[in-house]
Structures are given as structure tokens and as C-alpha cells.
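Each chain, written out:
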Number of protein chains: 2
Amino acid sequence: MIRVAINGYGTVGKRVADAVAAQPDMEIVGVSKTRPSFEAYIAKARGFPLYIADLSKRAPFEKLGLPVAGSVAEMLARADVVVDATPGGVGKENKPLYEKTGVKAIFQGGEDHEVAGFSFCSDCNYRMAMGRQFVRVVSCNTTGLCRIINTLDKEYGIAKVRAVMVRRASDPGEVKKGPVDAVVLDPVTVPSHHGPDVQTVLPHIPISTMAMIVPTTFMHMHAVQVDLKKDGKKERILELIRGHPRMGLVLGGTGIKSTAELKEYALDLGRPRGDLWESCIFADSIAVQGKDVSFFQAIHQEADIVVENVDAIRAMVGSVKDPGESIRMTNEALHFVAI
Amino acid sequence: MIRVAINGYGTVGKRVADAVAAQPDMEIVGVSKTRPSFEAYIAKARGFPLYIADLSKRAPFEKLGLPVAGSVAEMLARADVVVDATPGGVGKENKPLYEKTGVKAIFQGGEDHEVAGFSFCSDCNYRMAMGRQFVRVVSCNTTGLCRIINTLDKEYGIAKVRAVMVRRASDPGEVKKGPVDAVVLDPVTVPSHHGPDVQTVLPHIPISTMAMIVPTTFMHMHAVQVDLKKDGKKERILELIRGHPRMGLVLGGTGIKSTAELKEYALDLGRPRGDLWESCIFADSIAVQGKDVSFFQAIHQEADIVVENVDAIRAMVGSVKDPGESIRMTNEALHFVAI
């Protein structure tokens, strides 16, 4: 059993913890919080030992009936791999501690590529992560881009990608964030960070990205336009997506035209937290004209990177050599069949 | 004086009425409403005679102290040109009445191209509108695309345009519309109607567009990526925009990164209703790499077509032959200096 610690039990951490706990070859040795919150109650309900960075702050937890198992350093000592799911930029501050303890650590896409020196997407470069101490799982948007770009690149070759990211303003629970009524350029300048970030995984892909933030919480929406090196065929592209374990097709017959309907559908399916681990590509949006391919895909910001973290654990530990086998194990343990 | 009637005194009609009333060579002979609303009170306050389609429905108006000057047919008889600013699709139903009375009529972008057989953008094809009985002013988004595309095309030639339109959900006053929390594809299929609509004005431009609706009210945002036929230069493109009477540059120094800040700025400037008649191109977003040009532009859905309607009136009547002269007159009467 691979012993996994989750440093930062929030939006991403709690999801990765559940996904890890569901795997036959992994167990959660502990999760960490800096202060009490509803998530700390969830950790207790799940039976995950709760660790805190600063033991002098254990009183507020215990007063609320939340037992503290020890310090984060003690948690790390019990783990083979720690998933750092702290807010963007904090992972970098935690790195010296991981170096000191020698624990393998996975950072999230909120950190710079340099924090790990290696950026991961199971589909694209699983084998290159094998044996590494530090790996960064790229952000939700970059993961979504990498999956489809790599798939089209392997089939046709890619001359250029142009993608516009329309980002949700906040995760549903982040009540302090905006905007309420505005489209905010994020950033004003072109390209957004997503293009260069895709190139940390797929360095040979010419890509230009633009991004903005809009007042919604459910999912990101990508408008993607790809120039292939050969003529594309819609039927073949649908087939490639259908055959991919981490991409799903939103079919016209469902009547789904928006992120909100898609999330409602995921909840109806009984997915935990309504999570959409797959890239959700709108089948009817796929337009092929010679070498030009356009489509919309919705990306669930809280979910698509969860399954990537699970695969990254296996790659780093080296327990499963074949990426397809790890992806299959991860999906199967979550009863994840692409929509 | 050119006598102008406004059929449909709503979001667009009330703006065109004010813009027409401000011109030295035009007067408003009347505006029409189908039922009482706050806009009917505005018409009264402005001194615009109020006409209604069905005189049997005059009682609800008069009960509210809103005098009815007569029927729409009577209004048309007093006009040289009618601006049809009724909801999308209603213009087509009104056309037989305009044909019967022989009045020149301007339709809005909510109608199909075929209703007038000629689609107008002052910048692109003013001279071709001269003497016509029917003209359609293209929609706000198409107007915004045509202005910059035509400008870049004249300078460099255009190989291809790819544009993603992130549309506001509703005008600020339309309280019955959504979405509240979703990104809605509009439509799911590619291309959206904007590409073909641009081609009604600029038939030789290869263009592919994608569109979605987001929960905001202020403005549309376009992410535009253009392949020029020759290498572009950012300084030259800035110069072209600066020199254009209907495009403005949002400068980095203003700190404006969103539609909401832009609208607030327009209100601070003292613009009537905070209207932005110009395409608002974010200077810092303009990225030029060889023949590739990318930029963001914000389009005020309620405003950019207002000045186009005024120019269309002059072109159809034939009172001003030179497009530049009409544009100058329109802008000057509105004290409109591009931001």
C-alpha cells in the first residue's frame, strides 16, 4: 500500500483524499488543515487523521471536537508521498520541509513549473515522472488542453493551437470572490499563462491562449481552434474522444448547452460532489474544415486534476509502469466512466 | 431637415432618437410604443410625439398621462426615414407597411440580412447604401468586428479571422433573462452567426466565430485572432485604431481590465447613459507575432450601432455623399471623441 498524506485539505485536497482512499493500492495516512472549517469535520467523518502545521494552535480544533493527530512534520514521516494541495504559492514554501524529510511531493498547477522542475499530465508524460521526488500536476485548464491537444497531435500533428479560456470567477464555496457583473480580462495581455503552461508538458506545440473571468462558479469553458498538419475528419475525432479514458462527449440529444446543465447532469449521475473528472467536449461543436478544427470543451476546475494526482502518485512510486494501467485503475476505483 | 420616425422606443430606439435629435440636419417626428412603460415617460419628457400601432389601445396610455399623437401609419406618413428598432423578427413583419407607405426604413441586426437585402456598416460600405429604401444596420457584435477587420484588411490584407464572442446575458434592464450562474454556448455549433454576418458586409473575409453567453449585463467581450497577409506592427496598429473615429484604445494606465470598469469610466466621462459608441480595444492586449495579431475588444451592445443608424439615415437620403463627413457630423453632434 502506498501511504499518502494530503497537505491542505480544501477544494482539491479533500477530493484527492477521497480518490486516493478509493484506490486498492493506496491509503490516506493523514490530512492537514491550518484552521478549523467545515472541511475539518468532513475529514473527521471520513476517518482521516487530522494534522496541523503548528501544534500550538491545536486548542481551537479540540474545542470543536476535532482531534488533532499531530504535526504536519509527523504526518510526512508516515507517508511515501504527500499531495501538496495548499493555496497557490504556498507549495513552494513547503518544499524545503519535503526536501528535509525526503518524502515524495506532488504540487498543484498554482505553483510555477520550477517548483518541481517537471509538469505532469498522465496522458502525455506519465513515464517521465517515474522515480521523481517532485512532480507538479498542471492546472485544470492546462490539463484539459493537454489531453485533447496530445490526442489530436498524435493522430494528425498540430501546426498551431488558439484557445480562449472563459474562466469561472470562483469555486462555488468561495463567497468572498468576484466579479458580480463584469467580464474581467485575466490578464489583459496576450498570451495568458495557459499557452506556456501547456508547453511545460508538450514543449513542441505552438499555442496562443487568451483568458477572461466571468461571474459564474461551475466550470471553465474553452473555445479551441486547432490547425492540424493534415486534413481532419469529424467522425475520427469523435472516435478518438470516445476512446479516451479522460475525455467525454456532451451529446446533442441531452439538450445540454451550458456548464450549469452539465453539472446538474453529473449530480444526477451520482458522481461524488457532482465531479466531472473528464474534459467535457460538446460533440455538436466539433467543426472540421480541412485542417481547421474548432470545438468547445467545459472543464470542471475542482475535478479534472484529481485523477491526475492519483496517477502521479503511482508514477513517482514506480509501482505501475504503464500509464494506461494506472489510468484504468484510477478510473475503475472511482467507478468513473466518461459521459 | 431629414424627418425621422422611430418605430419601437426601447433600448435601441430611445438611443437612436436622442442621437438623431442631436444632429443639425435631422429631427424626430415621432416615436412608437406598443404599451406604456418607463420609456414612454422618457419620450414625453424629451418632447417626442408618441404614436401607437393600434389606436384602440390608447386608453392605457392616456390614463397614465401619456398623450398619444396618432397611429404608427400616421407617424410614417410624416417621416422620410423610419428606424425600425422593434425586437428581432418584428421588423420583418413591419416591412409590408413600409413598402406600402414608401418610407425609407432601417432595420436592426436582429433581422436577417434578407429583410433589407443590404447590410450596413458606415466605415465599410456607406456609399453602397445611398438611395436605398431598405438598409439593415448589422448587430453590435458584427459592427465591432467589421470596424477592426476592415481597418486591418485595408492595411495588411486578411488571410483569416478567428473570433470568440463572450456575450452579456441581457441588457441591464432586462430583469427576466438569465443565466444566473452558467456559461451558455450560443449556439453549441460552430460557427456562430457572427462570422457569416460579417460577410454580409465584407464578403471576401474568411472568418470563423464561436459565441457564448455569460451572466453579466454591461458589455460583450471579443477575443480576436487575425492572420494578416503581411507582417503586422503593433505601433502601426495602435496608430490605425487611434486614427479611427469609431474605435478607441483602453490604455493600460487607466487600470481598466473589465467591462464593468469601462462602463463606470464612460459614466464618469459624462457620456449619455454611459454609452460607448466606439469599439473599445485594450491597447495592452494587442499582440503581434509576424502575421498573427491577437487582441481583446469590448463592445457596448446598446450603443455602437446607434451612431451607425444615424449615418445610415444620411446615406439613404443621399444628403451627404462622403462617409467620413457623415461620421464626423454624427460624432460632433454627440460630442463623441473616442476614448
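Residues numbered from 1 in each chain as written. Chains lettered and ligands numbered in written order. Predicted model: local features only at pLDDT ≥ 70, side-chain atom pairs only at ≥ 80, totals over all residues. Heavy atoms only, no water.

*Asks:* I'm lost on helix α1 (residues 11-21) of chain A in this one. Help?
*Replies:* Residues and elements named next belong to chain A. Burial analysis of α1 places eight of its 11 residues in the buried class, which makes it a mostly covered element. Looking only at α1, the buried set comprises V12, G13, K14, R15, V16, A17, A19 and V20. As for α1, its buried residues are in contact with β1 (2-7), β2 (26-33), α2 (38-46), β5 (81-84) and α11 (304-317). (Buried < 20%, exposed > 50% of the residue type's maximum accessible area, 1.4 Å probe, protein only. Helix = DSSP H or I, 4+ residues; strand = E, 2+ residues; numbered from the N terminus. Contact = heavy atoms within 4.5 Å.)

*Asks:* What is the right way to look at the pattern of salt bridges in this model?
*Replies:* Note on pairing: side chains with opposite charge can pair once their charged atoms come close. Residues and elements named next belong to chain A. What the rule picks out here adds up to 56 salt bridges over all chains. In this structure, R3 and D80 form a salt bridge, with 2.9 Å as the shortest nitrogen-oxygen distance. Note that R3 is positioned in strand β1 and D80 in the loop between α4 (72-77) and β5, a separation of 77 residues in sequence. On the basis of relative accessibility, which here comes to 33%, the residue R3 falls in the partly exposed class. Taking the relative accessible area as the measure of exposure, D80 reaches 26% and is therefore partly exposed. Linking K57 and D54 is a salt bridge whose minimum nitrogen-to-oxygen distance equals 3.9 Å. K57 sits in the partly exposed class, given a relative accessible area of 48%. (Salt bridge = Lys/Arg side-chain N within 4 Å of Asp/Glu carboxyl O.)

*Asks:* Explain the relation of the copies chain B and chain A here, please?
*Replies:* Both copies of the chain are placed relative to one another by a rotation about an axis and a shift along it. Aligned on chain A, chain B shows an RMSD of 0.0 Å; the corresponding rotation is 180 degrees and the shift along the axis is 0.0 Å. This pairing of chains is accounted for by a two-fold axis. If distances are taken from each C-alpha of chain B to the rotation axis, the shortest is found for P215 of chain B, at 3.0 Å. Interface residue correspondence from chain B to chain A reaches 100%, placing this contact among same-surface, isologous pairings. (Least-squares fit on C-alpha atoms with pLDDT ≥ 70 in both.)

*Asks:* Looking at this model, I keep getting lost on the sheet that holds strand β8 (residues 134-137) of chain B. Mind explaining?
*Replies:* Strands in a sheet are paired, the pairing made by backbone hydrogen bonds, and the direction either parallel or antiparallel. All names here are of chain B. Across the sheet, which stays open at both edges, the eight strands sit in the order β4-β3-β2-β1-β5-β6-β8-β7 with parallel pairing between neighbours. Two strands in the sheet have a free side with no partner beyond their single neighbour: β4 (70-71) and β7 (119-120). Across two bridges, strand β3 (residues 50-52) lies against β4 in parallel orientation. Bridge pairing links Y51 to G70 in β4. (Pairing = 2+ DSSP bridges.)

*Asks:* Help me understand the pairing of strand β5 (residues 81-84) of chain B, please; the structure alone is not making it clear to me.
*Replies:* Residue and element names in this part refer to chain B. Burial along β5 is two-sided: V81 and V83 facing one way and V82 and D84 facing the other are all buried. Relative to β5, strand β1 (residues 2-7) runs parallel, the two sharing four bridges. Bridge pairing in β5 links A5 to V82. Relative to strand β6 (residues 104-107), β5 runs parallel, the two being bridged by three bridges. By the bridge assignment, V81 is partnered in β6 with K104. With helix α5 (residues 90-101) bridging β5 and its parallel neighbour β6, the resulting β-α-β unit is right-handed. (Right-handed = clockwise from strand over helix to strand, strands pointing away.)

*Asks:* Would you mind showing me how to read the packing of helix α11 (residues 304-317) of chain B against helix α12 (residues 323-333) of chain B here?
*Replies:* When two helices pack together, their arrangement is given by the angle between their axes and by how far apart the axes lie. Residue and element names in this part refer to chain B. Where α11 meets α12, the closest approach of the two axes is 9 Å, and the angle between their N-to-C directions is 130 degrees. The angle between the axes of α11 and α12 places the two elements in the oblique class. Seen along the crossing, α11 lies across α12 with a hand that is right-handed. Residues V307, V310, D311 and R314 of α11 touch α12, and the partners they reach there are S326, I327, M329 and T330. Of the residues contributing to the contact of α11 with α12, the split by class is four nonpolar, two polar and two charged. (Axes fitted to C-alpha atoms, helices over the stretch in contact; angles between N-to-C directions. Parallel < 35°, antiparallel > 145°, perpendicular 65-115°, else oblique. Left-handed = near helix turned anticlockwise from the far one by under 90°. Nonpolar A, V, L, I, M, F, W, Y, C, P; charged D, E, K, R; others polar.)

Just geometry here; none of it tells us what the structure is for.
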